Amino acid sequence: MELPELPELMGLSVLVGLLALMATAAVARGWLRAEEARSLQPVYERVNGSKKSGCRKQKQPQRVRKEKPQQHSFTHRLLAAALKSHSGNISCMDFSSNGKYLATCANDRTVRIWSTKDFLQREHRSMRANVELDHATLVRFSPDCRAFIVWLANEDTLRVFKMTKREDGGFTFTATPEDFPRKHKAPVINIAIADTGKFIMTASSDTTILIWNLKGQVLSTINTNQMNNAHAAISPCSRFVASCGFTPDVKVWEVCFGKKGEFQEVVRAFELKGHSAAVHSFAFSNDSRRMASVSKDGTWKLWDTDVEYKKQQDPYLLKTGRFEEASTMPCRLALSPDTHVLALASGTSIHLYNTRRGDKEESFEQVHAECITDLAFDVTGRFLASCGDRAVRIFHNTPGHRAVVEEMQSLLKRATSESTRQRLQQQLAQAQEALKSLGALKK
């Protein structure tokens, strides 16, 4: 066998070496690319990963904001208006003595003043007074309608707001520099200003009633001895302060002033006795000669309080009616200015009674989303207002118009002079026309 020649062997070796070198270079390039790819992968993942996560965040639903609770929906043929401007639940309201305004307070740190002439309009505007760093639970107009007082929830005291008329017809509300001093040791359930402007009353849930002058000085302290107070009020004539509570009676005191207007004393006047269980609430008539009460015994009563109590004369019971709801839950009461109609509220419902016959004439069910916190007739007796959620609902007082019709028809039978008959017939026609316009005229 012949061996290849040396030149040919050398050429073959060079060729094999070149092939091996090319293969090694190819392998090295592949390894370098792989290393480069591995080194770039974290950067790629960080860049693209953040984009992907950003996309995922965008796709995720945004945090759902807590929606405001919807206003309670209520309709009725006798609903005249629904006043809606408060963003919190309304705890109290008060009609001004001149009949022009309605004040409301809520836990949204505002007091709002509404014009009663707008009740039958489509829009109901209000003027707002802010209660700084607190909120009012009770509100009452001053007798001259140039100020109002509120009870502060956190400070547990009275604050006075002055109302200054502006050129545009609105008001500027200014709180006085100093609040009344703290005196009550239990939650306050009601406040009031005497129509004479001589004193202010505050009553707490224990057995305490305080009589103040307008400068914030306590004139007298009353211990009701009723275990607890459920309600307290000043009579429209400003002579009396009354309270009810755990005991089955309503106690009445006279606040006495001298001829020069100086405070003298508070003396016991009379009591309304006749209920067999705790009394939830009571109210005075506009002339202070009648009172109404509602009790846990399931009855309401109408009283004649135009008596000479200094001669030991007791009030007369005029009428008793049944109200079973009062035996199971607290109730609120409002008496129309002419005493013809009694409004009772329990839970979220309102019931209207004719006080002469004792019959229930109207019922409004589920008026508010929560329990009714206040109930009041306007000074004319045409409207009944209630609150319990973020709205005030105004109702036409059709039982009042019917009572006027019955009274005028009865008086016409006994009228002797022609002028009297004409006056009575005119009032009768007005009441009948009002009922007809509301679709409530009974044939």
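It is worth spelling out the state of the cysteines at this point. Throughout the structure, instances matching the rule amount to zero disulfides. Cysteine 92 supplies the cysteine sulfur nearest to cysteine 105, a cysteine that is in no disulfide, at a spacing of 5.0 Å. Owing to a relative accessible area of 0%, cysteine 105 belongs among the buried residues under this scheme.

Tallied over the entire structure, the rule returns 17 salt bridges. Between glutamate 362 and arginine 77 there is a salt bridge, with the nearest N and O atoms lying 3.4 Å from each other. With a gap of 285 residues between them, glutamate 362 in strand β25 (residues 360-364) and arginine 77 in the loop between α1 (6-59) and β1 (79-83) connect regions that are remote in the sequence. Of the residues examined, glutamate 362 reaches a relative accessible area of 6% and is grouped as buried. Of the residues examined, arginine 77 reaches a relative accessible area of 48% and is grouped as partly exposed. The salt bridge involving arginine 289 is made with aspartate 306; its shortest N-O contact spans 3.2 Å. Separated by 17 residues along the polypeptide, arginine 289 in the loop between β18 (279-284) and β19 (290-295) and aspartate 306 in the loop between β20 (299-304) and β21 (316-322) bring together distant segments of the chain. Through salt bridges that share partners, Arg77, Arg356, Arg357, Asp359, Glu361, Glu362, Arg402 and Glu406 make up one connected network.

What counts, and at which threshold
Residues numbered from 1 in each chain as written. Predicted model: local features only at pLDDT ≥ 70, side-chain atom pairs only at ≥ 80, totals over all residues. Heavy atoms only, no water. Disulfide = S-S within 2.5 Å. Buried < 20%, exposed > 50% of the residue type's maximum accessible area, 1.4 Å probe, protein only. Salt bridge = Lys/Arg side-chain N within 4 Å of Asp/Glu carboxyl O. Helix = DSSP H or I, 4+ residues; strand = E, 2+ residues; numbered from the N terminus.

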